[in-house]
Amino acid sequence: KAKFCISATAKRNNMHLISVIMASETSKERQADASNLLNYGFSTYEVDNVISKNKEICKLPVEKSTIDSVTIVSENDYSYLHKKSEDIKIETTQNIKKIKAPVKKGDKAGTLSVIVNGEEKHKINLICANDAPKAGYSFVFKHLLNSFVC
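Computed from a predicted structure; not experimentally measured. (Residues numbered from 1 in each chain as written. Predicted model: local features only at pLDDT ≥ 70, side-chain atom pairs only at ≥ 80, totals over all residues. Heavy atoms only, no water.)

## What about the overall build of the protein?
- For the protein, the helix and strand inventory stands at two helices and 10 strands.
- Counting from the amino terminus, the protein carries its helices and strands in the arrangement β-β-α-β-β-β-β-β-β-β-β-α.
- For the protein, the spread of C-alpha atoms along the three principal axes comes to 85 × 30 × 25 Å.
- Of the roughly 10,400 Å² that the protein leaves accessible, carbon and sulfur atoms contribute 51%.
- Each charge sign in the protein was given a centre, from 23 positive and 17 negative side chains, and these centres are 6 Å apart. (Helix = DSSP H or I, 4+ residues; strand = E, 2+ residues; numbered from the N terminus. Areas by Shrake-Rupley, 256 points an atom, 1.4 Å probe, with all protein chains shown as cover. Lys, Arg positive; Asp, Glu negative; His and termini not counted. Charge placed at Lys NZ, Arg CZ, Asp CG, Glu CD.)

## Description of the pattern of salt bridges
- Taken as a whole, this structure holds three salt bridges when the rule is applied.
- In this structure, lysine 121 and glutamate 119 form a salt bridge, with 3.7 Å as the shortest nitrogen-oxygen distance. (Salt bridge = Lys/Arg side-chain N within 4 Å of Asp/Glu carboxyl O.)

## Section: the sheet that holds strand β8 (residues 99-100)
- Taken in spatial order, the six strands line up as β7-β9-β10-β5-β4-β8 in an open sheet, and their pairing is mixed. Every interior strand has two partners, whereas the edge strands, β7 (90-96) and β8, have only one. (Pairing = 2+ DSSP bridges.)

## With respect to the pairing of strand β4 (residues 56-63)
- Note: β4 against strand β5 (residues 69-74), five bridges, orientation antiparallel. Within β5, the position partnered with lysine 59 by the bridge is threonine 71.
- Once β4 ends, the chain turns through five residues before running back antiparallel as β5, passing lysine 64 with a positive phi of about 55°.
- Relative to β8, β4 runs parallel, the two being bridged by two bridges. Bridged to valine 62 within β8 is isoleucine 99.

## As for the side chain of arginine 30
- Within the secondary structure layout, arginine 30 lies in helix α1 (residues 27-44).
- In this structure, arginine 30 is in contact with Phe4, Cys5, Ile6, Ile21 and Ser24, ignoring residues within four places of it in sequence. (Contact = heavy atoms within 4.5 Å.)

## What to know about the side chain of histidine 82
- Mapped onto the elements, histidine 82 comes out in strand β6 (residues 78-83).
- A distance of 2.8 Å separates a polar atom in the side chain of histidine 82 from a polar atom in the side chain of aspartate 48.
- In this structure, histidine 82 is in contact with Thr44, Tyr45, Glu46, Asp48 and Ile88, ignoring residues within four places of it in sequence. (Polar contact = N/O pair within 3.5 Å; in protein donor to acceptor, adjacent residues only side chain to side chain.)

## Concerning the nonpolar core
- Of all hydrophobic cores here, the largest spans 20 residues; its most connected members are Val62, Val70, Ile72, Ile99 and Cys128.
- Of all the secondary-structure elements, those providing two or more residues to this core are β4, β5, β6, β9 (108-116) and β10 (119-128).
- Setting aside its immediate chain neighbours within four residues, isoleucine 72 contacts Lys55, Glu56, Ile57, Cys58, Leu60, Ile99, Ala109, Leu126, Ile127 and Cys128.
- Counting seven residues, the second largest nonpolar core, distinct from the first, contains Ala8, Leu17, Ile21 and Phe42. (Core = buried A, V, L, I, M, F, W, Y, C linked by side-chain atoms within 4.5 Å. Buried < 20%, exposed > 50% of the residue type's maximum accessible area, 1.4 Å probe, protein only.)

## As for the environment of glutamine 31
- Among the secondary structure elements, glutamine 31 is positioned in helix α1.
- Spatially, the C-alpha atom of glutamine 31 lies 75 Å from that of serine 147, the residues being 116 residues apart in sequence.

## A word on the environment of lysine 59
- Tracing the backbone shows lysine 59 in strand β4.
- Remark: the alpha-carbon pair of lysine 59 and alanine 129, spanning 70 residues in sequence, is separated by 9.9 Å.
- Among residues more than four places away in sequence, those in contact with lysine 59 are Ser69, Val70 and Thr71.
- Among the polar contacts listed, one links the side chain of lysine 59 to the side chain of threonine 71, at a separation of 2.8 Å.

Here it is as structure tokens:
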């Protein structure tokens, strides 16, 4: 028999939890168990927001383009769940390649590694937030001419 079952969800401080209770003897017991399970999760665990989607990482020079640089942003969000009692150190390292025109918005420019207590836990793509068209011969010629005149 299924008895009394429930799935409940709650959100506190950017942390979403789900509790699933099955085969409780009474409806009151089911509600109490679901509430206790959610309270346990919120009191024991926490979420650290490491990076937000589209967070600007840097401006990167672009070779052979009509513009000087593109903005590099994170492709996705990343959060790290851990016990509140754990002593953790979260670091990030960037691996960004040189960029040569043409560049389209959304092109991958590198990765951001999330390191927790010295161990790599996740990689996030770093992407270009804007286009960088390739410089044509006329643009290069004008640019060279201006550098000689000034």
